Amino acid sequence: MEKRNARPTREIVVPGDVLDGTGMKPGENAYVLDGKVRASVMGVRNVFQNTVGVIPLRGCYMPVSGDTVIGVIVDIGPSNWMVDICAPYPAPLHVNEVPWKVEFGDTSRYLGMGNVVLLKVLSVDESKKINVTMKDSGLRRIEGGRLVKISHSKVSRIIGKSGSMISMLKNMTDCRITVGQNGMIWIDGEDENAEVAVQAVKMVEAQAQAGNLTDRVREFIESRLPQDEDEYDEED
Amino acid sequence: MSGHTDMVLVDEKGMRIDGRTAEQHRPIKIEAGVLNNADGSAYVEIGKNKVLAAVYGPRECHPRHLQDPTKAIVQCKYNMQAFSVSDRKRPGPDRRSIEISKIISEALEKVVLTELYPRASIDVYIEILQANAGTRCAGLTAASVALADAGIPMRDIVPAIAAGKADGHVLLDLNKEEDNFGQADVPIAIVPSTDEIVLLQMDGNMTREEFDHAIEMAVGACHEVYDLQKDALKRRYSKVQKEVSGDEQ
């Protein structure tokens, strides 16, 4: 991941392409056939130490324990809520995993259908059974603001190198932004600013393949929202 | 296959009615990512065949009884539009389209890394917009590009093409007339990295020698189709990059 921006040319590979035939180990999204490492998804070839893998360009979100995600309540049971976290599997949120004391059958008083929640993935077992929790600092029900859905493979672009993109977005648009690992992004701010932030996020998603994205997004926001010069100078 | 005609399908110079030689396939055009609302999609033209494929998933498998706790299943739906053939095709699934859906999903299941997504389902929809013989091959070719476009992990992309026999000649990629009035039709799909066969059917009669020749020709052509498939997927992203660098100037 770290080396990704350092490389000048990024080679796009498709499933079945030979990544390496000289004895490197298969990294992520790669497999070995007859001593040759081959790609198993469409993406960008990525060499890291002595492994060669692929950074996917598309694909659905697969939860990993520890991920912070934004989900929508889609079903209510007597002792749990079903949350849609944009994964191929349902994610139950058990009453023991919320910060309130909930009586059996009283779940709908706390979270209703369509409510948006900030969660953490507690565990994912090998049969891909997911558990999520709301018992951690900062995890809560989200109210107000706007929700934007982007492809989860573009999340790292939204965040940027050591958070450069996201901190720029937050500072320049003066919005509160929370990015879920599943590609759900919550943006809260004043009407005009939030609108610009939403468009900036969509721009990052559309142009994720391009270089110099941070500068481009900065230009875009400046053209839409005149900035106070002195305040944001240290951003570079 | 069963029809009779006075038409000369292959003339004395070995030229076919559409001007191809025995070993030429029809012109192929592949485009990836043509639909916005599907997770992955592809559009394929092989001669007069026009095929659209869309992929959703992996997603929760419905109906639940089809779930496999050890791996994902590939559900395929091959559908011919009513206007795809010259006589209106009665819409809805029939015996033929159920069979084609089954063989295509089995061919794709061989390459998709289904064990990564237990209990899930990967749904493939193939719509035949215009048919001119060889739609199952065009459909499978489109479906595998759409799967790769959806970012689904797979061992390889599957190309497919038919070979056959008409007027006593072994021919590659039969067109409508050759299929209707010929003696045999052999669609084949392979995994290019290993040359494994994932789909093979035969309708009609051929000698063993003719069959071997047909397979050899079709496998060679599959590799050509494979290059076009890869090119279509890569082109999709170089286009995005060009558009972005274009508005810089």
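Source: prediction; values computed, not measured.

Visitor: Explain the overall build of chain B to me, please; I cannot follow it from the model alone.
Guide: Along chain B, the regular secondary structure elements total four helices and 10 strands. In sequence order, the secondary structure elements of chain B are arranged as β-β-β-β-α-β-α-β-β-α-β-β-β-α. Radius of gyration (C-alpha) of chain B: 19 Å, near the 18 Å computed for a compact globule of 249 residues. Here the C-alpha coordinates of chain B stretch approximately 55 × 55 × 40 Å along the principal axes. Counting across all 249 residues of chain B, residues that qualify as buried make up 48%.

Visitor: Is there a simple way to think about the overall build of chain A in this case?
Guide: Check the secondary structure of chain A and you find four helices and 16 strands. Its C-alpha atoms give chain A principal-axis dimensions of roughly 60 × 55 × 25 Å. Counting across all 236 residues of chain A, residues that qualify as buried make up 39%.

Visitor: Would you mind going over the confidence of the model for chain B with me for this structure?
Guide: When pLDDT drops low, the exact placement of atoms in the prediction is not to be read closely. Per-residue confidence for chain B gives a mean pLDDT of 93; residues scoring 70 or more make up 95%. In the predicted assembly, ipTM is 0.87 and pTM is 0.90.

Visitor: In this structure, what is going on with the sheet that holds strand β5 (residues 36-39) of chain A? I would like to understand it.
Guide: In any sheet, the strands associate via hydrogen bonds between backbone groups, in a parallel or an antiparallel arrangement. Residues and elements named next belong to chain A. An order of β2-β5-β4 is seen for the three strands of this open sheet, with the pairing classed as antiparallel. The sheet is open, and its two borders are formed by β2 (18-20) and β4 (30-33), each paired with just one other strand. On average, each strand axis in the sheet is tilted by 45 degrees relative to the strand beside it, whichever way the strands run. In this sheet, β5 lies alongside β4 in antiparallel orientation, the contact comprising four bridges. If you follow Val32 over to β5, its bridge partner there is Val37.

Visitor: Help me understand the interface of chain A and chain B, please; the structure alone is not making it clear to me.
Guide: The figure often quoted for interface size is the accessible area lost as the parts come together. Listed per partner, the contact involves 24 residues of chain A and 31 residues of chain B. Residues belonging to the side of chain A that touches chain B are distributed by class as follows: 14 nonpolar, seven polar and three charged.

Visitor: Looking at this model, I keep getting lost on the sheet that holds strand β1 (residues 28-32) of chain B. Mind explaining?
Guide: Residue and element names in this part refer to chain B. Across the sheet, which stays open at both edges, the five strands sit in the order β1-β2-β3-β5-β4 with mixed pairing between neighbours. Because the sheet does not close on itself, it has two edges, and the strands there are β1 and β4 (73-80). Across the sheet, the mean angle separating the axes of adjacent strands is 15 degrees when strand polarity is ignored. In terms of strand pairing, strand β3 (residues 49-60) meets strand β5 (residues 120-130) through nine bridges, oriented antiparallel. Bridge pairing links Val51 to Ile128 in β5. Relative to β4, helix α1 (residues 95-111) is tilted by about 145 degrees, and along the sheet it contacts β4 and β5.

Visitor: Explain helix α4 (residues 213-224) of chain A to me, please; I cannot follow it from the model alone.
Guide: Structurally, the α-helix is built with 3.6 residues per turn, so residues lying three or four positions apart point the same way. All names here are of chain A. Across its 12 residues, α4 extends 17 Å between first and last C-alpha, which sits within 8% of the 16 Å expected from 1.5 Å per residue. Turning to α4, its buried residues number three or more, namely Leu213, Val217 and Ile221. Burial along α4 is one-sided: seen end-on, the buried residues are contained in an arc of 65 degrees. In α4, the exposed positions that point more than 90 degrees away from the buried face belong to Asp215, Glu219, Glu222 and Ser223.

Visitor: Mind showing me how you'd approach the packing of helix α3 (residues 191-206) of chain A against α4(A) here?
Guide: What describes two packed helices is the angle between their axes and the distance between those same axes. Residue and element names in this part refer to chain A. Remark: α3 packs on α4, axes separated minimally by 10 Å, with the N-to-C direction vectors making an angle of 155 degrees. When the axes of α3 and α4 are compared, the pair comes out roughly antiparallel. With respect to the hand of their crossing, α3 and α4 are arranged in right-handed fashion. Of α4, the residues touching α3 (which contributes Val196, Ala200, Met203 and Val204) are Leu213, Val217, Phe220, Ile221 and Arg224. Looking at the contact of α3 with α4 residue by residue, the classes come out as eight nonpolar, no polar and one charged.

Visitor: Got a minute to help me understand the environment of B:Asp179 in this structure?
Guide: With respect to the helices and strands, B:Asp179 occurs in helix α3 (residues 176-181). Along the backbone, B:Asp179 and B:Gly134 are 45 residues apart, and their C-alpha atoms lie at a distance of 8.6 Å.

Visitor: I would appreciate a short explanation of unusual backbone geometry in the present structure.
Guide: The bulk of non-glycine residues show a negative phi, and the bulk of peptide bonds are trans. Omega for the bond connecting B:Gly57 with B:Pro58 falls within 30 degrees of zero, at 0 degrees, which places this linkage in the cis form. With respect to the helices and strands, B:Pro58 occurs in strand β3. Backbone torsion omega between B:His62 and B:Pro63 reads -5 degrees, so that peptide bond is classified as cis. As for its position among the elements, B:Pro63 is in the loop between β3 and β4. In this structure, A:Asp174 is a non-glycine residue whose phi angle is positive, near 60 degrees.

Criteria and thresholds
- Residues numbered from 1 in each chain as written.
- Chains lettered and ligands numbered in written order.
- Predicted model: local features only at pLDDT ≥ 70, side-chain atom pairs only at ≥ 80, totals over all residues.
- Helix = DSSP H or I, 4+ residues; strand = E, 2+ residues; numbered from the N terminus.
- Rg over C-alpha atoms; globule rule 2.2 N^0.38 Å.
- Buried ≥ 20, exposed ≤ 12 C-beta atoms within 10 Å, placed from the backbone.
- pLDDT = per-residue confidence, 0-100.
- Pairing = 2+ DSSP bridges.
- Axes fitted to C-alpha atoms, helices over the stretch in contact; angles between N-to-C directions.
- Contact = placed C-beta atoms within 7 Å.
- Nonpolar A, V, L, I, M, F, W, Y, C, P; charged D, E, K, R; others polar.
- Expected span 1.5 Å × (residues − 1).
- Arc of directions from axis to C-beta.
- Parallel < 35°, antiparallel > 145°, perpendicular 65-115°, else oblique.
- Left-handed = near helix turned anticlockwise from the far one by under 90°.

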